[in-house]
Every structure is written in structure tokens, then in C-alpha cells.
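Breakdown of the fold
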Amino acid sequence: MTEAPSAGASESGSADRHERGPEPGAATVRGDVTAASERVDRWFARRPAVALAALLPIGAVTPLFPVEVGVATFALGTLAVGMAHGAVDHLVPLRGAPDVSLPRSIAVVSVVYAVLGGAVVAAFFAAPVAAFVGFIALTWLHWGQGDVATLAVAGVGHLPSSAERWLALVVRGGLPMGVPLLAHPEEYRLVAEWIVGLFLVDAGAAATAVNPLFTPAVRIGVGVGMAAATLASVGLGYYRVGNGRDPGGWRRDVGELAVLWAWFLLAAPVFAIGVYFALWHALRHVGRLVLVDPEAASAASAGDAVGALARFGRDAAPLTLGGFLAVAAVGVSVPAGVAAPGDLLAVSLVAIAAMTLPHVVVVAWLDRRQGVWRPGAGS
Ligand SMILES: CC1=C(/C=C/C(C)=C/C=C/C(C)=C/C=C/C=C(C)/C=C/C=C(C)/C=C/C2=C(C)CCCC2(C)C)C(C)(C)CCC1
Ligand SMILES: [Fe+2]
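Parameters and conventions
- The numbering scheme is per chain: residues are counted from 1 as the chain's sequence reads.
- Each chain gets a letter, beginning with A, and each ligand a number, beginning with 1, in the order they are written.
- For this predicted model, a pLDDT threshold of at least 70 governs which residues receive local features, and a threshold of 80 or more governs which side-chain atom pairs are given and counted, while totals over whole chains, interfaces and linings are taken from all residues.
- Think of the side-chain values as coming from all heavy atoms in the structure, minus any hydrogens and water.
- UniProt positions are given in the numbering used here, feature names are shortened, and annotations may be inferred rather than shown by experiment.
- Going along the chain from the N terminus, every DSSP run of H or I of four or more residues is numbered as a helix, and every run of E of two or more is numbered as a strand.
- The quantity called the radius of gyration is restricted to C-alpha atoms. Its globule counterpart is 2.2 Å times the number of residues to the power 0.38.
- Classification of residues uses two cut-offs on accessible area relative to the type maximum, computed with a 1.4 Å probe and protein chains only: under 20% is buried, over 50% is exposed, and between them is partly exposed.
- Contacts: residue pairs with any heavy atoms within 4.5 Å of one another.
- Areas reported as accessible are Shrake-Rupley estimates using a 1.4 Å probe. Residue values count occlusion only from the protein chains shown.
- When charges are counted, Lys and Arg are positive and Asp and Glu negative, with His and the chain ends excluded.
- One atom stands in for each charge, and that atom is NZ of Lys, CZ of Arg, CG of Asp or CD of Glu.
- For Na, K and Ca the donor cutoff is 3.2 Å, while for all other metals N, O and S atoms must lie within 2.8 Å; water is not among the atoms, so some sites may look incomplete.
- A four-donor site is called tetrahedral if each angle lies between 85 and 135 degrees; a four-donor site is square planar, and a six-donor site octahedral, when trans pairs exceed 155 degrees and the remaining angles lie between 65 and 115; all other cases are labelled irregular.
- When at least one non-hydrogen atom of a residue lies within 4 Å of a molecule or strand, that residue is treated as near it.
- Only protein atoms enter the 1 Å grid used here. Points where a 1.4 Å probe fits but cannot escape make up a cavity, open sets with protein on both sides within 12 Å along at least five of seven lines make up a pocket, and a residue lines them when an atom lies within 4 Å of a point.
- For this analysis, a molecule is said to be in a pocket or cavity if more than half of its atoms are within 2 Å of the grid points defining it.
- When residue character is reported, Ala, Val, Leu, Ile, Met, Phe, Trp, Tyr, Cys and Pro are called nonpolar, Asp, Glu, Lys and Arg charged, and the others, Gly included, polar.
- Here a polar contact means two N or O atoms within 3.5 Å. Within protein one must be a hydrogen donor candidate and the other an acceptor candidate, and residues neighboring in sequence count only if both atoms are side-chain atoms.
- Grid points are joined across faces, edges and corners, and a volume is the space filled by probe spheres set on the points.
- Interaxial angle, 0 to 180 degrees, is taken between N-to-C directions of lines fitted to C-alpha atoms, where a helix line uses only the stretch in contact.
- An angle below 35 degrees is read as roughly parallel, one above 145 as roughly antiparallel, one from 65 to 115 as roughly perpendicular, and any other as oblique.

By the naming in an unreviewed UniProt entry, the chain goes by Probable beta-carotene 15,15'-dioxygenase and is assigned to Halorubrum californiense DSM 19288. The UniProt entry for the chain carries this comment under Function (unreviewed entry): "Catalyzes the cleavage of beta-carotene at its central double bond (15,15') to yield two molecules of all-trans-retinal." Its UniProt record gives the chain a comment under Sequence similarities (unreviewed entry), which states: "Belongs to the Brp/Blh beta-carotene diooxygenase family."

1. A closer look at the overall build of the chain
Assigned secondary structure in the chain consists of 15 helices and zero strands. Relative to the compact-globule value of 21 Å for 379 residues, the chain shows a C-alpha radius of gyration of 20 Å, a close match. Each principal axis of the C-alpha atoms in the chain carries an extent, and together these give about 65 × 50 × 30 Å. Each of the 379 residues in the chain was classed as buried or not, and the buried ones make up 53%. Considering only residue pairs separated by 6 or more positions, the chain has 80% of its internal contacts joining residues 24 or more positions apart. For the chain, the computed accessible surface area is about 15200 Å², with 71% contributed by carbon and sulfur atoms. For the chain, the distance from the average position of its 24 positive side-chain charges to the average position of its 26 negative side-chain charges is 7 Å.

2. What to know about the coordination of the iron ion (ligand 2)
Looking at the iron ion (ligand 2), one finds its protein donor set to be His85 (NE2), His142 (NE2), His281 (NE2) and His359 (NE2), positioned 2.0 to 2.2 Å from the metal centre. For the iron ion (ligand 2), the four donor atoms in the first shell make angles of 87 to 176 degrees at the metal, so the coordination geometry reads as square planar. When the donors of the iron ion (ligand 2) are listed by position in the chain, the intervening gaps give H-x56-H-x138-H-x77-H. Taken together, the positions of His85 in the loop between α3 (67–82) and α4 (92–96) and His281 in helix α12 (residues 269–292) put the pair 196 residues apart, joining distant regions of the chain.

3. Regarding the site of ligand 1
In the vicinity of ligand 1 there are 27 residues, among which Tyr113, Phe135, Trp143, Ile352 and Thr356 approach most closely. Structurally, ligand 1 is housed in the largest pocket. Among the elements of the structure, α6 (128–153), α8 (185–197), α12, α14 (305–333) and α15 (341–369) are those that each provide at least two residues to the shell around ligand 1. Examining the composition of the shell around ligand 1, we find that five residues originate from one element, α6, more than from any other. Residue composition of the shell around ligand 1, by class: 18 nonpolar, eight polar and one charged.

4. Thoughts on the UniProt feature "binding site: Fe cation" (unreviewed entry) in the chain
With numbering matched to this structure, UniProt assigns "binding site: Fe cation" (unreviewed entry) to His85, His142, His281 and His285. Spatially, the listed residues are clustered: although they cover 201 residues, their C-alpha atoms lie within 13.0 Å of one another. Looking only at the residues we just named, the largest cavity is lined by His142, His281 and His285. Here His85 takes part through its side chain, which lies 3.0 Å from a polar atom of the side chain of His281. Of note, His285 is situated in helix α12. The exposure class of His285 is buried, given its relative accessible area of 7%. Non-local contacts of His285, meaning those with residues more than four positions away in its chain, are made with His85, Asp89, His359 and Val363.

5. Some details on the environment of Ala262
Tracing the sequence through the fold places Ala262 in helix α11 (residues 247–266). Given a relative accessible area of 23%, Ala262 falls into the partly exposed group. A C-alpha to C-alpha distance of 20 Å links Ala262 and Leu151, two positions 111 residues apart in sequence.

6. Topic: the UniProt feature "transmembrane region" (unreviewed entry) in the chain
As annotated in UniProt, the feature "transmembrane region" (unreviewed entry) corresponds to residues 49–65, 71–94, 106–138, 191–210, 217–239, 259–279, 319–338 and 344–366 in the numbering used here. Between the C-alpha atoms that bound residues 71–94 the distance is 35 Å, and the span itself is 62% helix and 0% strand. Helix makes up 90% of residues 259–279 and strand 0%. Its end C-alpha atoms lie 13 Å apart.

7. Structural notes on the layout of surface pockets
Here the largest pocket is characterised by a volume of approximately 720 Å³. Elements that contribute at least two residues to the lining of the largest pocket include exactly α3, α5 (102–126), α6, α8, α12, α14 and α15. Class assignment of the residues belonging to the lining of the largest pocket gives a composition of 25 nonpolar, twelve polar and one charged.

8. Structural notes on empty space enclosed by the protein
Taken as a whole and assessed by the stated rule, the structure comprises four cavities of 30 Å³ or more. One number sums up the size of the largest cavity: a volume of about 210 Å³. Its residues placed into classes, the lining of the largest cavity shows eight nonpolar, seven polar and four charged. Space inside the second largest cavity adds up to approximately 50 Å³. Lining the second largest cavity are Thr62, Phe65, Pro66, Val67, Val69, Gly70, Glu187, Ala268, Val270 and Phe271. Examining the composition of the lining of the second largest cavity, we find that three residues originate from one element, α3, more than from any other. Here the lining of the second largest cavity is composed, by residue class, of seven nonpolar, two polar and one charged.

9. What to know about the environment of Leu175
Following the sequence through the fold, Leu175 ends up in helix α7 (residues 162–183). Note: C-alpha distance between Leu175 and Trp263 (88 residues apart in sequence) is 9.1 Å.

10. Overview of the packing of α8 against α12
How two helices pack is summed up by the angle between their axes together with the distance between the axes. Axis separation between α8 and α12 bottoms out at 8 Å; the angle between their running directions is 75 degrees. Judged by the angle between their axes, α8 and α12 are roughly perpendicular. Here α8 contributes Glu187, Tyr188 and Val191 to the contact with α12, which in turn contributes Pro269, Val270 and Phe271. The residue makeup of the contact of α8 with α12, split by class, is five nonpolar, no polar and one charged.

Structure (C-alpha cells):
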């Protein structure tokens, strides 16, 4: 098996064991699975979280820099790991289920990408402000979904019901999407105008169109909602610990929440989200993909991080390029054209939005196979 037992194992192991997980219940690999899960959690989640905490002083001065510093950081993070984290989606059904062949896995995921990705781009042409809001909501969901999966795979004990996991999702996804709106509305607004301005070419049209999103009522509502949801999630976890659940997972959750709150309150939004996307969300997902790939997982269980990453990189390389071609395709099709670094960020975000919807579907399928949202299936 290649999944953490705590997240609920997916069945695997019929035909090609080099491409799929080995047979379930194979006692000889159980220790390796635990070793792989622990190492992957350390390399791809816990150490990067410590690194983000160490970067806080740098994040705190970024509001003094021009937004282009953030744009360059976002581009670098997307190039280094952000794009690659979705570029193995076509192998996820193959590795997550026993009865899916390689051609079927690729065909199904490609169709999902074409249909849903195309629909997202069409939505930006038809109703750019609504599509932008939809993208923020989708990212909220997806980044929350990613963090809950990491906690579930790590086997934390303080989120034993699906309701508590959903609350954790709201909090984790809301930190990158909601807190910058509260703390740095001007830069948030700038990015919104850049994105909407790709589709509304009249001067001033984008600024007017996004106005309703930045009223004090919306910002205060998001801020109060996020604070309340965080307190509720932390409080419920504390209650669970009081009732005998493992305190280690709760302490980790609280520590990560504190780092993320501080990061998004202090750092300039584009920089903050660029670093978070690469160092936090994408790396955690890469770790998860390592665990469902038997070769990468066995490298991980042997302590070979480079080997595990090399295997992932080999799988991800071709469609990482495909992802950048999707960015280029959006770039040539937008009415306003691409003239400045801000336009480049906006085009990348629209292309990323188009890839995010199908990516969420693939990840939700993996969540289901691994029992991430099933009460009691986890810890
Ligand atoms: C498989 C496949 C493929 C590939 C894929 C890929 C490559 C994917 C990727 C994916 C991805 C790569 C995803 C991502 C995600 C991300 C996200 C989700 C993000 C978001 C962000 C945001 C939303 C932000 C915003 C902002 C800023 C930046 C600042 C401030 C303000 C705001 C908040 C607005 C292809 C198509 C070739 C083909 C078919 C199959
Ligand atoms: Fe993702």
C-alpha cells in the first residue's frame, strides 16, 4: 500500500505493480509505508512550514517593495513547483484505483481538463467579475481541501468528524484567500482589476466592475468570519484533545494556523500567495503524489528524498510544459493582450483557474479513495 493508513487505504494492486500500489495488506511493506508517510510529511509539509515561519521577517517588509517583486516571486514559484503539482493528474486515477488502465486514466483526465478548463475560460469571457469571484471561491475550497488531506494523511486525531474537517477546510483555504483582503485590500484589488481588465478593455471599466468586492462591509465580514471560524476550529480541537484525542496533531494544527495568519497579515498579497502556492500547497500535494507512487514511495521510505523527487519530476515534466502552453494559449486569446508584468500575472491566473477546476475534481476523487472526508475513516 502506498497511502497512509490513517487516511483510509485505497484498494490497489492488480496488474502492473510498478505503476500501481502493491497489494493491500502486504505486511512486508507496512513498515515502509509508515516510514514513507512520516518522511514525506516531514520533507513536504512540516519543514516547509518551519521555513515559512522563518521567512516571516522578510514577508513583513514586502509591502514596502513594488508589486513586481511579488509577481516575479509568483512566477518563480509557479515555474519551480506550482505548475508541476497538477501535472501528474493524468496518472492519479491509475495510481489511486485498481481497475483503471493507463490509457483510461489519461483519457478521462484529459476530457475532464478539456471540458471544465474550457468552461472556465468561457466564463471569464462571458462574466469576468463573477468568474473572478468563482476562482477565489474555488481556490478557497481547493487550498483548504489540500491542507485537510495533509492533516488526515498525517493521522491527526483532533478532526474525527467530517464536519470538523469541513470547518478546517474553511479556515485553511480562507487564510490565503480571505486574510489578504482584510490586511492589504489595495494590492488585492489591483490583481482583481488586472484579471478583469483582460476581458473588459474600456478604460476604467475593470475598476468600476470590481468595486462591490472591496467595500468595508465585505472586508470586515470576511475578517470577522475568518477569526470566528479559526477560533471555532481551534476550540473544537481543544475539546477533542480534552476528551483523549492526540494533542500532537492539534498543536501542529494551531502552530500552522498561527504561521499562516501572520504570513497573510504581514506579507504583500502577490508575494505571500506566490510563496505559499509553491512552498506550502504545491509541495504538500507533491508529497501526497509521492506516497501513491510505489517507486517514489519506496525511495522515500529509504530516506532518499532526491530519488522520490526525481521520480515525481520525470512524471510531471511533460504536462508541466503542457500547463505553460495553456498559459500561452490564454495569453494570445485575451482581448486586452499582454503588455505589462501585471498582465502576465493575470493571464497566468486565468490559465491556472482553468486548470484548477479539473485539478480539484481529480484531487476530490483521490480524497474519496483515501477516505479523507469519511468520519472515522481517518484517525
Ligand atoms: C493533467 C493534464 C494537463 C496538465 C495539467 C496541469 C499542469 C495542471 C496544473 C494545475 C495547477 C497549476 C493548479 C494551480 C492552482 C493554483 C491556484 C488555485 C492559485 C490561485 C491563486 C489565486 C486565486 C490568487 C489570487 C490573488 C493574488 C495572486 C494576489 C492577491 C489577490 C488574489 C487573491 C486575487 C494538461 C492541461 C496539460 C492536459 C490534460 C491533462
Ligand atoms: Fe492543488
